[in-house]
Amino acid sequence: MTLWPFVVVKHHLMKEDMVFLNHEKIHLRQQVELLIVFFYLWYGLEFLYRFIQYRNRYKAYRNISFEREAYHHESDQFYLKKRKPYGFFKFL
């Protein structure tokens, strides 16, 4: 979980998981782009919208645009170098 400017991990070993860390770094970039506060506001509102849409908490979470971008590119360690600003818009 990413809470600007920290990445909170459940298990110490996750600090060595490059895919997990890249996923969270993508969220850090998203947060900076939306001036942190607006990221959390948008995230919460989109989660509510998706929850109403899917009636399932996990499906709602996985379909948030920020999560879709991060999951789609988490294995690409060079993604943040080539990512255009506001890349999550492609996943709305």
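We now examine the nonpolar core. Core analysis: the biggest nonpolar cluster contains five residues, these being Leu-34, Phe-39, Ile-64, Phe-66 and Phe-88. Apart from residues no more than four positions distant in its own chain, Phe-88 is found in contact with Gln-30, Glu-33, Leu-34, Trp-42, Ser-65, Phe-66, Glu-69 and Arg-83.

Moving on to the packing of aromatic side chains. Enumeration according to the criterion identifies 14 aromatic pairs in this entry. Residues Trp-42 and Phe-66 carry aromatic rings whose centres are separated by 5.6 Å and whose planes lie at 65° to one another, so their mutual orientation is edge-to-face. Placement of the pair is Trp-42 in helix H2 (residues 37-54) and Phe-66 in helix H4 (residues 65-73), with a sequence separation of 24 residues. Since its relative accessible area comes to 26%, Trp-42 is described here as partly exposed.

About the cut-offs
- Residues numbered from 1 in each chain as written.
- Predicted model: local features only at pLDDT ≥ 70, side-chain atom pairs only at ≥ 80, totals over all residues.
- Heavy atoms only, no water.
- Core = buried A, V, L, I, M, F, W, Y, C linked by side-chain atoms within 4.5 Å.
- Buried < 20%, exposed > 50% of the residue type's maximum accessible area, 1.4 Å probe, protein only.
- Contact = heavy atoms within 4.5 Å.
- Phe/Tyr/Trp six-rings, centres within 6.5 Å; stacked < 30°, edge-to-face > 60°.
- Helix = DSSP H or I, 4+ residues; strand = E, 2+ residues; numbered from the N terminus.

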